[in-house]
Amino acid sequence: MGTPPKIRILAFFALIACINGPAWSEKTNPYPKEILPLLQEYCYDCHGDGAKKGKLALDIHSNHEDIAGDRELWKRVWENLHRRNMPPADKDQPGDEEIDRILSWIEKTVFNHDSEKTNPGHVVLRRLNRVEYKNTIRDLFGVNIETESLFPADDTGHGFDTIGEVLTVSPLLMEKYMVAADLVLEKAFVGGRANDAELTFAAPMIRGGKSSGKERVLPSTGSFTVTPAIPSSGSYVVEIEASASRAGKGFAEMGVKIGRKFSQTIEVKAEYPSFKAYRFEQVLEKTGGLEIRATFLNDFYDPQNKDRNRRDRNLFVRKIALVPQDILSADCSGRRKSILGGVRDEDFTQEKVHVVLRKLLPRIYRVGLSEREIARHLDLFNATREGGGGNFEALRVALKAALVSPRFLFREETRTDKVGGVKSYPLDDFALANRLSYFLWSSLPDDALWKRARSGTLRPNLEKEVRRMLADPKTEAFIANFTGQWLQLRDLEMSNPDRRRFPSFTDELREGMRKETEHFFSHLLRENRPISELLTANYTFSNKMLADYYKLEGQFDNEFRKVLLSGVNRKQRGGLLSHSSILAITSNPTRTSPVKRGRWVLDNLLGAPPKEPPPGVPELVEASAGHNEKLTLREQLAKHSRSPECSSCHANMDAMGFALENYDAIGKWRINEGGKPIDAMGKLATGASFSGPMELQEFIAEKKLGAFARCLTEKLLTYGIGRGMEYYDRVAIENIARKVSRKEKGLQDLIVEVVVSTPFTLAGERSASVRDD
């Protein structure tokens, strides 16, 4: 018997549904009508209809579920489209609206990202880098330490050394933090000791007990004594290097007396032959002889003990020293009083130290602390005192514990709410203050910003705080660190031009190159000049040395000052791409490199870094006297990049590099190369052309300002937040770039927009925190 007609009809429609899938409905899925035609128009020449360039084909799936489920495929598409690396430069290019349509579809359908819902991303717990550690110590304790020699170089990620995922702590680095903590506290509160003023009594000079090699020993109760002359009244530290052999259940007890005013009994826990220095700080009057006595109080002898090392308790002393403190540094005394609230050992009672810790620890940890958290450090202070240390020494131990704690070494970011399952949440005011201060100052919040955080008034006053902080001299840290990495000025230190070809390149010139760019960026930032002026400025900053090098007109001295450019000077200088700092780092030791310069422009100004060259592509061989062909560099590059695999990337990269060929390998202006006139014409695959550096910069400022603003925004967010940008950041980046480029807002306005943005002020659900519990 045949199948009923009704069932056959239902089966037919079921088959249609299986083939097409319910999501292929144009009402619910925009792919067939809005996305596929764009891919066919711009991508299928290389990635469809049988073509599979780069092992990527866009038409390998036949139903929507498989298409939307191929996350790796669309991740590659998203990255290349977002960076404008695809389509190749020599192919027809989609417009920004078409690119946005494809990217939005990928984000929503493949990545399951709802642009209406906030996703600020997850920041890995961030360790202080070397610059941040140095500046934080400076602002906490008023001393400078050379972290470059103390710590190994920080790793970088996404172009910056502020990225949490690469700022790890190795066992070796942890050891160096221990050493650094001692160095910081020594330099801040003790200072450099004058060894010739220290009165040291070695074992032969100590009275009492018996000689035992380099030590003296008391086998039974008795005393060691010395009687030094006190040359002048002041604060001194008495150091007694002591040890004890064990017997019975307790430790050896040593009663210490310094003159008639000080008496303290301590347990000597250092077991012979190990020694420990016990320190006691006292204010002493000038005298011809002051008795310092160390008495063995609890002799014990147990000849029946099975452990021969536990039968006889003895006290050993190796050295007694008297170290004058007042002679060290008036600055140290001032820092003790201003930061710790006292100077002498007796100033640091438990009650006063409690007050100091309540004030200082929250600033060290950069977050509000509970009384319980304060109490842990106070317990350490008390335990150190009970173990034989003086009051000040015990406070040093408590502070050292803070300086090696993860809560100091890492930047903690906690959430303002306690609701579980929430994917994004506002940073609390302390975390936001820390993000802001380390972004703009590479250091901890100052008192004004800290007050905002404690009172909960930071968020509504963010713009006001940003502009206040940008006016502060501490912003020099942001200028040096951000430009050093965004513009790669740090690479100047490694730049090594051939001195035979470029004898005018000196260390002084290298420093002047860097300062020109830093002063230029600083001016635009502080004066809130439009970001396009980074490229179109009719001025630069120079001193006499650099002015002579550039052949600038005017009067100059050793100070860097703003110089207005006109005439020939304006044709040759003005804008970042005329700065010799950038031209030098994008050259080879013996010649210019249009490829490196073009790549630098694409990566650092337009946010579209070209792909790495295919494997096996040889380096450009420099022409020499032995070659028959006398080709210009342009001709050599044209020959080198003739293959289809190379031409698509080199088309735009080389064009931008050629526009800078009037500058030699160290940024000096020239009009000839090898006896032939320089050809500084650059023509993009789109047909757009420019000749020389000024036209190239004008082209970017006029035709590519949106891309430049987007690139700079992304660099600032990456540097400030400490992570690479992801697909869920795109809308925020586009919104900021659109505001700044369309309204020609200034560089300071751009930083305000970055700080008030969602990625900067919110955190993701896995944001890390550190606890000592």
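Please read all numbers here as calculations on a predicted model, not as lab measurements. (Residues numbered from 1 in each chain as written. Predicted model: local features only at pLDDT ≥ 70, side-chain atom pairs only at ≥ 80, totals over all residues. Heavy atoms only, no water.)

1. Things to note about the overall build of the protein
Argument step 1. Summing up its helical and strand segments, the protein has 31 helices and 22 strands in all.
Argument step 2. Burial analysis of the protein (773 residues in total) assigns 52% to the buried set.
Argument step 3. Sequence-distant contacts in the protein: of pairs separated by 6 or more residues, those separated by 24 or more amount to 71%.
Argument step 4. Of the roughly 36500 Å² that the protein leaves accessible, carbon and sulfur atoms contribute 50%. (Helix = DSSP H or I, 4+ residues; strand = E, 2+ residues; numbered from the N terminus. Buried < 20%, exposed > 50% of the residue type's maximum accessible area, 1.4 Å probe, protein only. Contact = heavy atoms within 4.5 Å. Areas by Shrake-Rupley, 256 points an atom, 1.4 Å probe, with all protein chains shown as cover.)

2. Notes on the nonpolar core
Argument step 1. By size, the foremost hydrophobic cluster in this structure holds 148 residues, and its most contacted members are Tyr133, Phe141, Ile364 and Trp486.
Argument step 2. The element that contributes the greatest number of residues to this core is helix α28 (residues 705-722), accounting for nine residues.
Argument step 3. Other than its neighbours up to four places away in sequence, Ile364 contacts Leu140, Phe141, Leu399, Ala402, Leu403 and Phe408.
Argument step 4. Ile206, Val256, Phe262 and Ile320 belong to the second-largest nonpolar core, a separate cluster that totals 30 residues. (Core = buried A, V, L, I, M, F, W, Y, C linked by side-chain atoms within 4.5 Å.)

3. Regarding the environment of Ser689
Argument step 1. Tracing the backbone shows Ser689 in strand β21 (residues 689-691).
Argument step 2. Its relative accessible area of 45% is what places Ser689 among the partly exposed residues.
Argument step 3. For Ser689 and Ala655, which are 34 residues apart along the polypeptide, the C-alpha to C-alpha distance reads 8.4 Å.
Argument step 4. Beyond its immediate stretch of four places on either side in the chain, Ser689 contacts Met681, Gly682 and Lys683.

4. A short note on the packing of helix α2 (residues 31-42) against helix α6 (residues 96-110)
The packing of two helices is summarised by the inter-axis angle and the distance between the axes.
Argument step 1. As a packed pair, α2 and α6 sit with axes 10 Å apart at the nearest point and diverge in direction by 120 degrees. In terms of their interaxial angle, α2 and α6 are classed as oblique. Helix-helix and strand crossings are classified by hand; for α2 and α6 the assignment is left-handed. Of the residues in α6, those in contact with Tyr31, Glu34, Ile35, Leu38, Leu39 and Tyr42 of α2 are Glu98, Arg101, Ile102 and Trp105. (Axes fitted to C-alpha atoms, helices over the stretch in contact; angles between N-to-C directions. Parallel < 35°, antiparallel > 145°, perpendicular 65-115°, else oblique. Left-handed = near helix turned anticlockwise from the far one by under 90°.)

5. Description of the confidence of the model for the protein
Argument step 1. The predicted model of the protein has a mean per-residue pLDDT of 87, with 87% of residues at 70 or higher.
Argument step 2. Contacts of residues 5-26 to residues separated by more than four positions or lying in other chains number 18 contacts, the stretch itself having pLDDT below 50.
Argument step 3. pLDDT under 50 marks residues 766-773. Its contacts with residues more than four places away, or in other chains, come to 29 contacts. (pLDDT = per-residue confidence, 0-100.)

6. Describing the side chain of Arg363
Argument step 1. With respect to the helices and strands, the residue Arg363 is situated in helix α11 (residues 350-365).
Argument step 2. A polar contact is formed between the side chain of Arg363 and the backbone oxygen of Pro445, at a distance of 2.6 Å.
Argument step 3. Aside from chain neighbours lying at most four places away, what touches Arg363 is Leu140, Leu444, Pro445, Asp446, Asp447 and Trp450. (Polar contact = N/O pair within 3.5 Å; in protein donor to acceptor, adjacent residues only side chain to side chain.)

7. Observations concerning empty space enclosed by the protein
Argument step 1. A full pass over the atoms with the stated rule returns six cavities of 30 Å³ or more.
Argument step 2. When its volume is computed, the largest cavity comes out at roughly 70 Å³.
Argument step 3. The residue makeup of the lining of the largest cavity, split by class, is four nonpolar, two polar and six charged. (1 Å grid on protein atoms, 1.4 Å probe; cavity = no way out; pocket = protein on both sides within 12 Å on 5 of 7 lines; lining within 4 Å. Points joined across faces, edges and corners; volume = space filled by probe spheres on them. Nonpolar A, V, L, I, M, F, W, Y, C, P; charged D, E, K, R; others polar.)

8. Quick look at α6
Argument step 1. End to end, α6 covers 20 Å across 15 residues, agreeing with the expected 21 Å (1.5 Å per residue, within 8%).
Argument step 2. Those residues of α6 lying buried are Glu98, Ile99, Ile102, Leu103, Trp105, Ile106, Glu107 and Val110.
Argument step 3. Contacts from the buried residues of α6 go to α2, α4 (64-69), α5 (71-82) and α29 (730-742).
Argument step 4. Residue Asn112 follows α6 closely and has a positive phi angle near 55 degrees. (Expected span 1.5 Å × (residues − 1).)

9. Observations concerning the sheet that holds strand β10 (residues 292-296)
Argument step 1. Spatial strand order, β5-β10-β7-β8: four strands in an open sheet with antiparallel pairing. Across the chains shown, the open sheet's two edge strands, defined by having one partner strand only, are β5 (222-226) and β8 (262-268). If you compare each strand with its neighbour and ignore which way they point, the axes differ by 20 degrees on average.
Argument step 2. Relative to β8, strand β7 (residues 252-258) runs antiparallel, the two being bridged by seven bridges. Within β8, the residue paired with Gly255 across the bridge is Thr265. (Pairing = 2+ DSSP bridges.)

10. Describing the pattern of salt bridges
Argument step 1. Taken as a whole and judged by the stated rule, the model has 41 salt bridges.
Argument step 2. Among the salt bridges present, the one from Arg467 reaches Asp749, with a minimum N-O distance of 2.8 Å. Of this pair, Arg467 sits in helix α17 (residues 462-470) while Asp749 sits in helix α30 (residues 747-755), and the two are 282 residues apart along the sequence.
Argument step 3. The class for Arg467 is partly exposed, based on a relative accessible area of 26%.
Argument step 4. Sharing partners across several salt bridges, the network here consists of Glu186, Glu239, Arg279, Glu393 and Arg396. (Salt bridge = Lys/Arg side-chain N within 4 Å of Asp/Glu carboxyl O.)

11. Looking at the packing of aromatic side chains
Argument step 1. Applying the stated criterion across every chain yields a total of 31 aromatic pairs.
Argument step 2. Both rings, one in Phe348 and one in Phe392, keep their centres 5.6 Å apart while their planes meet at 45 degrees; by these two values the pair is tilted. Here the residue Phe348 occupies a position in the loop between α10 (330-340) and α11, and Phe392 occupies one in helix α13 (residues 391-403), the gap between them amounting to 44 residues.
Argument step 3. The ring of Phe251 has Lys269 sitting right over it, with the charged end atom 5.7 Å from the ring centre. (Phe/Tyr/Trp six-rings, centres within 6.5 Å; stacked < 30°, edge-to-face > 60°. Lys NZ or Arg CZ within 6 Å of the ring centre and 35° of its normal.)

12. Focus: the environment of Pro460
Argument step 1. Within the secondary structure layout, Pro460 lies in the loop between α16 (447-455) and α17.
Argument step 2. Given the relative accessible area of 69%, Pro460 is considered exposed.
Argument step 3. For the pair Pro460 and Val756, spaced 296 residues apart in the sequence, the C-alpha separation amounts to 9.8 Å.

13. Notes on the side chain of Asp446
Argument step 1. Within the secondary structure, Asp446 is located in the loop between α15 (429-440) and α16.
Argument step 2. A distance of 2.9 Å separates a polar side-chain atom of Asp446 from the backbone nitrogen of Leu449.
Argument step 3. Setting aside residues up to four positions removed in sequence, Asp446 forms contacts with Arg363, Trp441, Arg468 and Lys474.

14. Looking at unusual backbone geometry
Argument step 1. Between Tyr272 and Pro273 the backbone carries a cis peptide bond, its omega angle lying at 15 degrees.
Argument step 2. Examined against the element boundaries, Pro273 turns out to sit in the loop between β8 and β9 (276-284).
Argument step 3. One non-glycine residue, Ser442, lies in positive phi territory at about 55 degrees.
Argument step 4. Mapped onto the elements of the fold, Ser442 is located in the loop between α15 and α16.
Argument step 5. One non-glycine residue, Asn528, adopts positive backbone phi at about 55 degrees.
Argument step 6. Topologically, Asn528 is positioned in the loop between α19 (507-526) and α20 (533-536).
Argument step 7. With a relative accessible area of 24%, Asn528 lands in the partly exposed category.

15. Thoughts on a negative patch on the surface
Argument step 1. Taken together, Glu41, Asp45, Asp49, Asp59 and Asp92 make up a surface patch of like negative charges.
Argument step 2. Within the secondary structure, Asp45 sits in helix α3 (residues 44-47). (Patch = residues over 30% accessible without salt bridge, like charges linked within 9 Å, V, L, I, M, F, W, Y side chains within 5 Å. Lys, Arg positive; Asp, Glu negative; His and termini not counted. Charge placed at Lys NZ, Arg CZ, Asp CG, Glu CD.)

16. Things to note about the environment of Gly706
Argument step 1. With respect to the helices, strands and loops of the structure, Gly706 is situated in helix α28.
Argument step 2. Residues Gly706 and Ala737, 31 residues apart in the sequence, show an inter-C-alpha distance of 6.5 Å.
Argument step 3. Apart from the residues within four sequence positions on either side, Gly706 is in contact with Ala737 and Ser741.

17. Side note on a positive patch on the surface
Argument step 1. There is a patch of like positive charges on the surface, built from Lys53, Arg76, Lys91 and Lys611.
Argument step 2. With respect to the helices and strands, Arg76 occurs in helix α5.
Argument step 3. Arg76 gets classed as partly exposed once you look at its relative accessible area, which sits at 41%.

18. Some points on helix α7 (residues 130-141)
Argument step 1. In a regular helix each residue adds 1.5 Å, so twelve residues correspond to 16 Å; α7 covers 16 Å between its end C-alpha atoms and thus fits that length.
Argument step 2. Burial of α7 is extensive: nine of the twelve residues sit out of reach of the surface.

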